[in-house]
Amino acid sequence: MIKVGIPRGLFYFYYYPLWKTFFENLGAEVVTSSETNNKIVSQGIDIAVDETCFPVKVYYGHVNQLCNENIDYIFIPRIVSVELRSYICPKFMGIPDMIRASFNNLPYVIDITIDLSRNNKELKKEIIKVGQLFTSNKKAINNAYQNAIIEQKRFNQISKEGYTLDEAIKLWEGLKIKLNTKNDLKIGVFGHGYSIYDQAISMNIINKLREMECQAYIPEMLDKKIIEKEASTLPKRVFWTIGRKMVGGALHMDKRTDIDGIIYVSCFGCGPDSIVGEVIERKVKNKPFMLITVDEHTGEAGLVTRLEAFCDMLRRRKSNNESNISAHG
Ligand code: SF4
């Protein structure tokens, strides 16, 4: 059976069910790299160029692991845009070329271009082109893609229920997960999905908050219309899809009485974060806000101390009924 490798990084967290279903419906076996661990991180750092951001370095580590598996193809899409009039960070456009330039033992790279910024006509052609690597039957390719869309919608529905995207993938695959519902704080947690839901990149921040009896309120739980409405209050449209989700989500949570605080997880070396994180920090006026920047040197103990201090402060504020006091001094 033909084996297709999918690195467990970047847009894996958002679209794995779509891609897995598509390839499996075409008769392929899908192989993923393991969850991010220290070896993957350090190998990614060794191979990637220094200037790139932390999640891209980690992605290199995942590609490296798959290169040592016996796979026929590796799927590294060139993602330009996933919705009308919006774009994904330019690093995603260059990632297949960056990877090709850094590895000499790569299997054949499936580098389909995904650009929905104007329409989806080109995407349809790209889907057929990829499908023809497995079958010449165009109807079978179309059916595989339609089934993939159905599975992606099922996954999107699961991810609205408070699960992180990696948990939603596990649930979608049929595993069982039980969330700790004992909590007295609700904290909005923002950041790119491939950083906050990757337990190694984010130092497992969401589970750490849950252990501290806080509910992590994540952007996937919010309705798209709410996000767009809040994001549209900015003087200039944020044209990055994920950036707009973060800004709109944070502004919405800033107004909600049931949210106690907001945390933004930024990645070292991220261009869009240097703007989006700053905008959120300036615009969030009503809630205590904490910006956490992660990179390969982030220490777990330091992160725990910061989270504990933040939660203590939120609890004190709540029990003393200090929510009328400005969170900004
Ligand atoms: S948005 Fe930031 S973290 Fe994501 S790929 Fe681009 S530079 Fe890296």
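Residues numbered from 1 in each chain as written. Predicted model: local features only at pLDDT ≥ 70, side-chain atom pairs only at ≥ 80, totals over all residues. Heavy atoms only, no water.

Here we take up the pairing of strand β2 (residues 29-32). As paired strands, strand β1 (residues 3-6) and β2 are joined by four bridges and run parallel to one another. Opposite V4, over in β2, you have V30 as the bridge partner. For the crossover from β1 across helix α1 (residues 12-25) to β2, the handedness is right-handed. (Pairing = 2+ DSSP bridges. Helix = DSSP H or I, 4+ residues; strand = E, 2+ residues; numbered from the N terminus. Right-handed = clockwise from strand over helix to strand, strands pointing away.)

The ligand sits among C53, P55, V56, C89, K91, F92, H192, Y194, C270, G271 and P272. Put simply, the parts of the chain that give the shell around the ligand at least two residues each are α3 (54-67), α4 (90-102) and α12 (271-283). A breakdown of the residues in the shell around the ligand according to their chemical character gives eight nonpolar, two polar and one charged. (Near = heavy atom within 4 Å. Nonpolar A, V, L, I, M, F, W, Y, C, P; charged D, E, K, R; others polar.)

The next subject is the environment of S195. Locating S195 in the fold gives a position in helix α8 (residues 193-196). Judged by its relative accessible area of 0%, S195 falls in the buried class. In this structure, the C-alpha to C-alpha distance between S195 and I205, residues 10 residues apart in sequence, is 10.0 Å. Those residues in contact with S195 that sit more than four places away from it in its chain are I201, S202 and C267. (Buried < 20%, exposed > 50% of the residue type's maximum accessible area, 1.4 Å probe, protein only. Contact = heavy atoms within 4.5 Å.)

Another point: the domain arrangement of the chain. Structurally, the chain comprises domain 1 (3-161) and domain 2 (182-320). Here the C-alpha centroids of domain 1 and domain 2 sit 26 Å apart. On the domain 2 side, the residues contacting the 25 residues of domain 1 number 25 residues. Interface area for domain 1 against domain 2, summed over the two sides, is near 2100 Å², with a carbon-plus-sulfur share of 60%. Where domain 1 meets domain 2, there are two salt bridges. Between E83 and K224 there is a salt bridge, with its nearest N and O atoms 3.2 Å apart. (Domains from an automatic or database assignment. Buried area = accessible area lost by both parts, 1.4 Å probe. Salt bridge = Lys/Arg side-chain N within 4 Å of Asp/Glu carboxyl O.)

The next thing to look at is the packing of aromatic side chains. The tally for this structure, following the rule as stated, stands at 18 aromatic pairs. With a centroid separation of 4.9 Å and an interplanar angle of 70 degrees, the aromatic rings of W19 and F75 are classed as edge-to-face. Taken together, the residues W19 in helix α1 and F75 in strand β3 (residues 73-75) connect sequence positions 56 residues apart. Residue F75 is classed as buried on the basis of its relative accessible area, which comes to 4%. The interplanar angle of 50 degrees and the centroid separation of 5.2 Å between the aromatic rings of F239 and W240 together place this pair among those described as tilted. Exposure remark for F239: the relative accessible area of 38% places this residue in the partly exposed category. (Phe/Tyr/Trp six-rings, centres within 6.5 Å; stacked < 30°, edge-to-face > 60°.)

Reading across from one edge, β2-β1-β3-β5 is the order of the four strands in this open sheet, with parallel pairing throughout. Whereas interior strands pair on both sides, the edge strands pair on one side only; in this sheet they are β2 and β5 (108-110). Geometrically, the sheet is characterised by an average inter-axis angle of 30 degrees between neighbouring strands, direction not taken into account. Pairing between β1 and β3: two bridges, direction parallel. The residue of β3 that forms the bridge with G5 is I74. Taken strand by strand, α3 contacts β1, β2 and β3, and its axis lies near 160 degrees from that of β3. (Axes fitted to C-alpha atoms, helices over the stretch in contact; angles between N-to-C directions.)

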